[in-house]
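Listed below, chain by chain, are the residues.
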Amino acid sequence: MATVACVTTSVLIVDDDALVRAGLVMMFGGAPDIAVVGEGKDGTEVLPLVDTHAPDVVLMDIRMPGMDGLSATEVLRARPDAPEVIILTTFDADAHVLRALRAGAAGFLLKDTPPGEIVEAVRRVVQGNPVLSPGVTRRLIDRVAETGEDRRRAQARDRLDLLSDREREVAVAVGQGKSNAEIAATLYLSVPTVKTHVSSVLTKMELNNRVQIALLVHDAGLLD
């Protein structure tokens, strides 16, 4: 009788606090489908560690000496075939977090998040799902004040003009925090068709995940 091999998700932990790193290593030790392949204490170590270990996911602290986690995320996610990044932070709504999301991070976790939720978040991002609830995404967007709003809105609308009418409808629905099933019900489409449209939006807009679709739709003023 053939056995099914367990697919293991590899994780790199980058945090300047040795106790935090040790706690995360211990926590993931109880997850048979996740393996910690490396540890770093500074953003400058991220690229060499990624080159050495090729992790699926990087857990990245924001505040670190040398190079902070935001800059490291921007550099890492600009590379082809970059691993997913989950930001570790003590803030639940912060301009720094929004900057990380725009750079392509798959989301963020508070450092006091229950261990089970952190493990599940890693599983979610490797499946292409962000680790931000729609409510958290909207709160981040709404509470962060940035300059250049008019210019950003015009640029976002120009980008969205590249989409078909149906793709645009799907993008707006993603920005509203709807799941694929909810979008399918609203637009009278099948779930596989919705997934196809979401993939097309990501490709045409050169985006990494649904969080970035939501940010783009918000920038265009389509959630007002």
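Bear in mind the structure is a predicted one, so any value in this text is a computation, not a measurement. Just so you know, the residues in each chain are numbered from 1, in the order the chain's sequence is written. Restriction of local features to residues with pLDDT of at least 70 applies here, the model being predicted, together with a cutoff of 80 or more for giving and counting side-chain atom pairs; totals for whole chains, interfaces and linings are based on all residues. The side-chain numbers reported here are obtained from all heavy atoms of the structure, hydrogens and water having been left aside.

A. Fine view of unusual backbone geometry. In this structure, alanine 54 takes a positive phi of about 45 degrees despite not being glycine. Starting at the N terminus, helices and strands are each numbered in turn, a helix being any DSSP run of H or I of at least four residues and a strand any DSSP run of E of at least two. Mapped onto the secondary structure, alanine 54 falls in the loop between helix H2 (46-53) and strand E3 (57-61). A 1.4 Å probe rolled over the protein chains alone gives each residue an accessible area, and that area as a share of the maximum for its type sets the label: buried under 20%, exposed over 50%, partly exposed in between. According to the relative accessible area criterion, alanine 54 is exposed, its value standing at 54%. Positive phi outside glycine occurs at aspartate 81, with the angle close to 55 degrees.

B. How the structure looks around helix H1 (residues 18-28). Within the sequence span of H1, burial applies to Arg21, Leu24, Met27 and Phe28. Here the buried residues of H1 occupy an arc of 130 degrees about the axis, which is enough to place them on one side. Residues of H1 that are exposed and point more than 90 degrees away from the buried face comprise Leu19 and Met26. For this analysis, residues touch if any pair of their heavy atoms sits within 4.5 Å. Here the buried face of H1 lies against strand E1 (9-14), strand E2 (34-40), E3, strand E4 (84-89) and helix H5 (115-126). Structurally, the start of H1 carries an N-cap: the backbone nitrogen of leucine 19 is 2.8 Å from a side-chain oxygen of aspartate 17. Think of the arc as the fan of directions from the helix axis to the C-beta atoms. Think of a polar contact as two N or O atoms within 3.5 Å of one another; within protein, one of them needs to be a possible hydrogen donor and the other a possible acceptor, and neighboring residues in sequence only count if both atoms come from side chains.

C. The arrangement of helix H10 (residues 191-205) in detail. For H10, with 15 residues, the first-to-last C-alpha span of 21 Å sits near the 21 Å given by 1.5 Å per residue. Immediately downstream of H10, the backbone of glutamate 206 shows phi near 55 degrees, a positive value. What a helix is expected to span follows from its residue count: subtract one and scale by 1.5 Å.

D. Spotlight on the packing of helix H8 (residues 165-175) against H10. Axes here refer to lines fitted to C-alpha atoms; in helices the fit is confined to the stretch in contact. Angles between the N-to-C directions go from 0 to 180 degrees. Between H8 and H10, whose axes approach to 9 Å, the crossing angle comes to 90 degrees. By the criterion of interaxial angle, the relationship of H8 to H10 is roughly perpendicular. Each of Arg166, Glu167, Val170, Ala171 and Val174 in H8 lies in contact with H10, whose residues at this interface are Val194, His197, Val198, Ser200, Val201 and Lys204. Just so you know the grouping, Ala, Val, Leu, Ile, Met, Phe, Trp, Tyr, Cys and Pro go in nonpolar, Asp, Glu, Lys and Arg go in charged, and all remaining residues, Gly too, go in polar. Taken together, the residues of the contact of H8 with H10 break down into six nonpolar, two polar and three charged. Roughly parallel means an angle under 35 degrees; roughly antiparallel, over 145; roughly perpendicular, 65 to 115; everything else is oblique.

E. Here's a closer look at the packing of H2 against helix H3 (residues 69-77). Remark: H2 packs on H3, axes separated minimally by 10 Å, with the N-to-C direction vectors making an angle of 45 degrees. One element, H2, and the other, H3, form an angle in the oblique class. Only Ala72, Val75 and Leu76 of H3 make contact with H2, whose side of the interface consists of Val46, Leu47 and Val50. Grouping the amino acids of the contact of H2 with H3 by side-chain chemistry returns six nonpolar, no polar and no charged.

F. Layout of the environment of valine 194. Considering the arrangement of structural elements, one finds valine 194 in helix H10. Along the backbone, valine 194 and valine 170 are 24 residues apart, and their C-alpha atoms lie at a distance of 7.2 Å. In this view, valine 194 contacts Val170, Asn180, Ile183, Ala184 and Leu189; residues no more than four positions away in its chain are not counted.

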